[in-house]
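Structural overview
Residue strings, one per chain:
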Amino acid sequence: MQHIISLDPRVTREHIPAEFDTLLTPKGELDQLQSYEVFQQGKSGGRYTHVGSVRASTPEIALVFAKEIYGRRGPTFGLWVVQTDNIHPLAPADIDVFETASSADKDYREVVAYARVRDKIETFKKSEQSA
Amino acid sequence: MNMSTDALKDLLYRIADDALIIAHRNSEWTGLGPIIEEDIAFSSIAQDKMGHALALYTLLHELGEPVPDIAAFMRNESQYRCCHLAEYPIGEYDFSLIRHLLFDLAEQVRYRLLENSTYEPLAKLARKLRGEIRYHVFHAHSFVVKLAANGTEESKARMQSALNECYPLALGIFEPSRYEAELAASGVFAGESELQRQWHEELAAICEKADIDIPTDSTPSYGGRYGSHTEHLQPLLDEMTEVFRLETAADW
């Protein structure tokens, strides 16, 4: 099963070359903060939206940080933090499972195909009248 | 409500000056916080305190005191009514964190008492600030318990020694005013000793969870409430007011 290491750009933006590995000694448990993903509910009863990540030593402290970092700019009705390790993403290599849905001969399976139905009806009506 | 304006002003200046000075001190951590998340949270808390100070100076202005900017930046050191705890330099993070806990817990209890004040503008403000202060205490509490009870030997020792250092300063928060009886009788404020009693009770519960001991034989650091300050306040005022004093008529 795949794991997301972190969605935090500070963690993911640096791709450290393999030959540097030996320079990095693993941190002790208490020196290594956990990565948490933050979900905010912007409307009462609304869905929770992923807004970013924080690094913290406990879920409680992750909430302390998340409140101030993601909750202070707009109304917030609820807040979740989820340890990043607990998110199981689809492997990037498997992303082609979506290809059938977006192939050109099956556009009826996509919402966008129905977006301009009214235009099509109007065009049809006009062609009927002029015929 | 039947009382002198002097009593009310003295109370408001204590709370306002505390908020202003602690806000300035805590903002000194901006850019230097231990990790970026904490840097943002602590700076934001400092900014909240600055907002509380503004609200209180506005109440004072309505009672005939100067406009907030003048009250905040143009008084002499001896006219400030803040406690010594707020004036102290930020020290290391352990000191700032324990100060934050002791100070904000006292603020929380004070505003809770003020929610029923017969001075309605202050009662209204106390109710409005409840959520912000609740967060401030939650922040302090989470960190202190984590570092003291669930950290390393070093972090625990640091929490205890910071508490030993801060505690006598914190007792200075509750320095009685000359208006205690008047404020209590008129129902404006229950008084510093009642505040201290409730504060101590709540602090004891937190310290038990954090597994650290409240010092028992501490002499309160009094004087701040009567304008007698430590050597740390004047340099802070010089720095804080430097830009404002360049051009006091400037419109910000």
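Residues numbered from 1 in each chain as written. Chains lettered and ligands numbered in written order. Predicted model: local features only at pLDDT ≥ 70, side-chain atom pairs only at ≥ 80, totals over all residues.

This brings us to the overall build of chain A. The secondary structure content of chain A amounts to 3 helices and 3 strands. Traced from its N-terminal end to its C-terminal end, chain A shows the element sequence α-β-β-α-β-α. Long-range contacts, defined here as pairs at least 24 residues apart, represent 50% of the contacts in chain A between residues at least 6 apart. (Helix = DSSP H or I, 4+ residues; strand = E, 2+ residues; numbered from the N terminus. Contact = placed C-beta atoms within 7 Å.)

Another aspect to go through is the overall build of chain B. Helix and strand counts for chain B come out as 11 helices and 0 strands. At 18 Å, chain B has a C-alpha radius of gyration in line with the 18 Å of a compact globule built from 252 residues. Taking the principal axes of the C-alpha coordinates as reference, chain B spans close to 55 × 45 × 30 Å. The proportion of buried residues among the 252 residues of chain B is 41%. Counting only contacts in chain B whose residues sit at least 6 apart along the sequence, the fraction spanning at least 24 positions is 76%. (Rg over C-alpha atoms; globule rule 2.2 N^0.38 Å. Buried ≥ 20, exposed ≤ 12 C-beta atoms within 10 Å, placed from the backbone.)

All names here are of chain B. Of note, Asp211 is a non-glycine position whose phi angle comes to about 60°, a positive value. One can find Asp211 in the loop between helix 10 (192-210) and helix 11 (233-246). Assessed through the 13 C-beta atoms surrounding it within 10 Å, Asp211 is described here as partly exposed.

So, on to the interface of chain B and chain A. With 12 residues of chain B at the interface, the matching set in chain A holds 14 residues. When contributions to the side of chain B that touches chain A are tallied by element, the ones reaching two or more residues are helix 2 (36-62) and helix 7 (130-149) of chain B. Among the elements that take part in the side of chain B that touches chain A, helix 7 of chain B stands out by supplying 5 residues, more than any other. Partitioned by chemical class, the residues of the side of chain B that touches chain A number 5 nonpolar, 5 polar and 2 charged. (Nonpolar A, V, L, I, M, F, W, Y, C, P; charged D, E, K, R; others polar.)

Take helix 7 of chain B next. The end-to-end C-alpha distance of helix 7 of chain B, which contains 20 residues, comes to 27 Å, matching closely the 28 Å that a straight helix rising 1.5 Å per residue would cover. Where helix 7 of chain B is concerned, the buried positions are Ile133(B), Tyr135(B), His136(B), Val137(B), His139(B), Ala140(B), His141(B), Phe143(B), Val144(B), Val145(B), Leu147(B) and Ala148(B). (Expected span 1.5 Å × (residues − 1).)

For the rest of this paragraph, the subject is the packing of helix 7 of chain B against helix 8 (residues 153-171) of chain B. Residues and elements named next belong to chain B. Between helix 7 and helix 8, the shortest axis-to-axis distance is 6 Å and the interhelical angle comes to 125°. Of the possible angle classes, the one that applies to helix 7 and helix 8 is oblique. Touching Val144, Leu147 and Ala148 of helix 7 are Ser155, Lys156 and Met159, all from helix 8. Across the contact of helix 7 with helix 8, the residue classes break down as 4 nonpolar, 1 polar and 1 charged. (Axes fitted to C-alpha atoms, helices over the stretch in contact; angles between N-to-C directions. Parallel < 35°, antiparallel > 145°, perpendicular 65-115°, else oblique.)

What follows deals with the pairing of strand 2 (residues 48-56) of chain A. Note: strand 1 (residues 34-41) of chain A against strand 2 of chain A, 8 bridges, orientation antiparallel. Paired with Gln41(A) across the strands is Tyr48(A), a residue of strand 2 of chain A. (Pairing = 2+ DSSP bridges.)

On average, residues of chain B score 96 in pLDDT, and 99% of them reach the 70 mark or higher. As a predicted assembly, this complex carries a pTM of 0.84 together with an ipTM value of 0.81. (pLDDT = per-residue confidence, 0-100.)

With that out of the way, let us pick up the sheet that holds strand 2 of chain A. Within a sheet, adjacent strands bond to each other through the backbone by hydrogen bonds, running parallel or antiparallel. Residue and element names in this part refer to chain A. With antiparallel pairing, the 3 strands of this open sheet are ordered in space as 2-1-3. At either margin of the open sheet sits one strand with a lone partner, and together these are strand 2 and strand 3 (78-83). Between one strand axis and the next, the sheet turns through 25° on average, direction left out of account. Lying over the sheet, helix 2 (residues 59-70) contacts strand 1, strand 2 and strand 3, oriented at roughly 120° with respect to strand 2.

Formed by 67 residues in total, the largest nonpolar core has its most connected members in Ala16(B), Leu85(B), Ile98(B), Leu102(B), Val144(B) and Met159(B). Apart from residues lying up to four places away in sequence, Val144(B) is in contact with Leu97(B), Ile98(B), Leu101(B), Met159(B), Ile206(B) and Ala210(B). Counting 15 residues, the second-largest nonpolar core is a separate cluster that includes Val38(A), Ala62(A), Val81(A) and Phe42(B). (Core = buried A, V, L, I, M, F, W, Y, C linked by C-beta atoms within 7 Å.)

To continue, consider the environment of Glu132(B). Along the chain, the position of Glu132(B) falls in helix 7. Measuring from C-alpha to C-alpha, the distance between Glu132(B) and Ala249(B) comes to 32 Å, with 117 residues separating the pair along the chain.

What follows covers the confidence of the model for chain A. Looking at chain A as a whole, its pLDDT mean stands at 81, while 73% of the residues score no less than 70. Considering each helix and strand of chain A separately, the mean pLDDT is smallest for helix 1 (residues 9-12) of chain A, with a value of 64, and largest for strand 3 of chain A, with 96.

All names here are of chain B. Helix 10 packs onto helix 7 with a crossing angle of 40° between their chain directions and a minimal axis gap of 8 Å. The angle between the axes of helix 7 and helix 10 places the two elements in the oblique class. Between helix 7, through His141, Val144, Val145, Ala148 and Ala149, and helix 10, the contact on the second element is made entirely by Ile206, Lys209 and Ala210. Residue composition of the contact of helix 7 with helix 10, grouped by class: 6 nonpolar, 1 polar and 1 charged.

Now for the environment of Arg25(B). All names here are of chain B. You can see Arg25 is positioned in helix 1 (residues 5-27). Overall, the presence of 25 C-beta atoms within 10 Å leaves Arg25 in the buried class. For Arg25, the contacting residues outside a window of four places in its chain are Ala86 and Ile90.

A word on the environment of Leu163(B). Residue and element names in this part refer to chain B. One can find Leu163 in helix 8. The class of Leu163 is buried, set by 25 C-beta atoms lying within 10 Å. Considered as a pair, Leu163 and Pro89 are 74 residues apart in the sequence and their alpha carbons are 15 Å apart. Beyond its immediate stretch of four places on either side in the chain, Leu163 contacts Ile98 and Ile212.

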